[in-house]
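# Chains, contacts and geometry: an overview
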Amino acid sequence: MFARFSMALLTSTFRKFLPALVAVAFLTFISGCDTPEKVLKSSNLEYKKAKATSWYYKKEYLKCIPVLEELMGLLKGRESIEEFYYMYSMANYKQGDYMLAAYHFKNFYDQYTNSPRAEECLFMHAKSYQQISPKYELDQTYTYKALEAYSLFLSMYPDNKFLQETNDAYSKLRKKLEKKALSNAELYYRTSNYKAAATTFGNLLRDYPDIEENERIGFMIVKSNYKFAENSIPEKKMERFKKVIDSYADFSYNFPGSKYLDEARRYKQVSHFMAAKSAFEWAEVGPLTERERLFKVAVNEVKVQTPFLSTDKEKRELDKLSEKAYFLTIKNNFLLSELTKNGQKLAALEQTVKTYYTFVDLFPKSKYISEAEKIFQNSTELLKKLKSNG
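Residues numbered from 1 in each chain as written. Predicted model: local features only at pLDDT ≥ 70, side-chain atom pairs only at ≥ 80, totals over all residues. Heavy atoms only, no water.

### Side note on empty space enclosed by the protein
This model, assessed by the stated rule, comprises one cavity of 30 Å³ or more. Reported here for the largest cavity is a volume of approximately 30 Å³. What lines the largest cavity is Phe 280, Ala 298, Val 299, Val 302, Leu 321, Ser 322 and Ala 325. At the level of secondary structure, the elements contributing two or more residues to the lining of the largest cavity comprise helix H14 (291-305) and helix H15 (312-339). When the residues that make up the lining of the largest cavity are grouped by side-chain class, the tally is six nonpolar, one polar and no charged. (1 Å grid on protein atoms, 1.4 Å probe; cavity = no way out; pocket = protein on both sides within 12 Å on 5 of 7 lines; lining within 4 Å. Points joined across faces, edges and corners; volume = space filled by probe spheres on them. Helix = DSSP H or I, 4+ residues; strand = E, 2+ residues; numbered from the N terminus. Nonpolar A, V, L, I, M, F, W, Y, C, P; charged D, E, K, R; others polar.)

### What about the layout of surface pockets?
Here the largest pocket defines a volume of roughly 400 Å³. If you go around the largest pocket, you meet 21 residues; those closest to its centre are Ala 198, Ile 221, Asn 225, Lys 243 and Ser 247. Breaking the lining of the largest pocket down by element, the ones donating at least two residues are helix H10 (194-207), helix H11 (214-230) and helix H12 (234-254). Among the elements that make up the lining of the largest pocket, the one with the highest residue count is H12 (eight residues). Of the residues contributing to the lining of the largest pocket, the split by class is seven nonpolar, eight polar and six charged.

### A short note on the packing of aromatic side chains
Counting across every chain of the model gives 29 aromatic pairs. Here the aromatic rings of Phe 108 and Tyr 112 are separated by 5.0 Å at their centres, their planes lie at 45°, and the arrangement is tilted. Here the two residues Phe 108 and Tyr 112 agree in accessibility, since each one is buried. Aromatic pair Phe 280 and Phe 295: ring centres 6.0 Å apart, planes at 45°, arrangement tilted. (Phe/Tyr/Trp six-rings, centres within 6.5 Å; stacked < 30°, edge-to-face > 60°. Buried < 20%, exposed > 50% of the residue type's maximum accessible area, 1.4 Å probe, protein only.)

### Side note on the nonpolar core
Judged by nonpolar contacts, the single largest core of 104 residues is most densely connected at Tyr 56, Phe 201, Leu 204, Phe 251 and Phe 359. At 10 residues, helix H13 (residues 261-285) tops the list of elements feeding residues into this core. Here Leu 204 is in contact with Glu 178, Ala 181, Leu 182, Ala 185, Pro 209, Ile 211 and Ile 217, once residues within four sequence places are set aside. (Core = buried A, V, L, I, M, F, W, Y, C linked by side-chain atoms within 4.5 Å. Contact = heavy atoms within 4.5 Å.)

### Some remarks on unusual backbone geometry
In this structure, Lys 59 is a non-glycine residue whose phi angle is positive, near 65°. Of note, Lys 59 is situated in the loop between helix H3 (45-57) and helix H4 (61-75). Phi is positive for Ser 192, close to 65°, though the residue is something other than glycine. Mapping Ser 192 onto the fold places it in the loop between helix H9 (163-190) and H10. On the basis of relative accessibility, which here comes to 45%, the residue Ser 192 falls in the partly exposed class.

### Description of a positive patch on the surface
A contiguous patch of positive charge, built from Lys 313, Arg 316, Lys 320 and Lys 367, is present on the exposed surface. Structurally, Lys 313 can be placed in helix H15. (Patch = residues over 30% accessible without salt bridge, like charges linked within 9 Å, V, L, I, M, F, W, Y side chains within 5 Å. Areas by Shrake-Rupley, 256 points an atom, 1.4 Å probe, with all protein chains shown as cover. Salt bridge = Lys/Arg side-chain N within 4 Å of Asp/Glu carboxyl O. Lys, Arg positive; Asp, Glu negative; His and termini not counted. Charge placed at Lys NZ, Arg CZ, Asp CG, Glu CD.)

### A word on the side chain of Lys 268
Looking at where Lys 268 falls in the secondary structure, it is placed in helix H13. Within the buried set, Lys 268 has no salt-bridge partner at all; the shortest N-O distance to an opposite charge, 10 Å, is to Glu 314. Side chain to side chain, Lys 268 and Gln 269 meet in a polar contact 2.9 Å long. Filtering out sequence-adjacent residues up to four positions away, Lys 268 remains in contact with Ile 245 and Tyr 248. (Polar contact = N/O pair within 3.5 Å; in protein donor to acceptor, adjacent residues only side chain to side chain.)

### Overview of the side chain of Lys 345
Turning to its location among the elements, Lys 345 is positioned in helix H16 (residues 342-362). In this structure, Lys 345 is buried with no salt-bridge partner, the nearest side chain bearing the opposite charge being Glu 338 at 7.1 Å.

Spelled out as structure tokens, the structure:
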């Protein structure tokens, strides 16, 4: 009997509160069915604010973003949208739309410079760009943007609360650019673009002096310059071999105990010889009107490089080239006299005679003596005729 009484009482109580329970369940169901589309159609601003905020803190960013965006438009000029703008910017970041987030974080900072959230937003502006910085093999535009943004952040907030994270991010981004530049330099070398390789390796040491592979990079500058000189046109070879010598001097100074030093020294030694030899080779084929000057340059280069030559064979070869340079100067001046007229012809013949005397004084036993004498005799006879004809 007691059991029957209890059941009746429970049934009576349930019936009494049934309407309220149904109402709560219905409201809960309706609330759970809220969608961004439904909220956007509503004219109730407080409802929109509540739903956008609720979704944001529940990390339902895809839902809150369109509502926040509408709220900022509706409330602009009527009340502050600072808090909604912050949530909107952060929601885009959390949703993975880093490009849009980067723009809005910076815009937030520009509009609300005195806001307690300004520092965080300027930091997040940089962090957003860091998120879209790609692998080092790809284009690094956004890596540079991220570094620029972090630099701006540090200049505005040198004692910021994100200092450690900022420094770590800056180092990682710089390391990525190091790898990219090193990869580029090595690609240039592998594809025989030695000029670009030498330049890029050089820029690496200038821009990243603490790079881990700085010793090998220094050596590759020497090697790339040597390959570039070796494959250059005659006109440019002398100056480019001299650049090998200069780059070796820098390398040996910076890395005196390097494991690459012996190989680098070989490139340097060959370059001493080739700088002089290349100067002669260019003089021999250069413009006719320039050859006397170019032969003088070649002879001078022999004098400069001879003390640095490592073998007697190289010295003898350069001596022979100097001898030939003096003889070819005579021959060149005579050729010029044949191609010119009147006063210029007279000047060219007189220069032929002058260079002949210099040659025989320096090389009285030269194998070119007989040929030089013939040119000299022809020149003096032509001079007599020209002067006698007035």
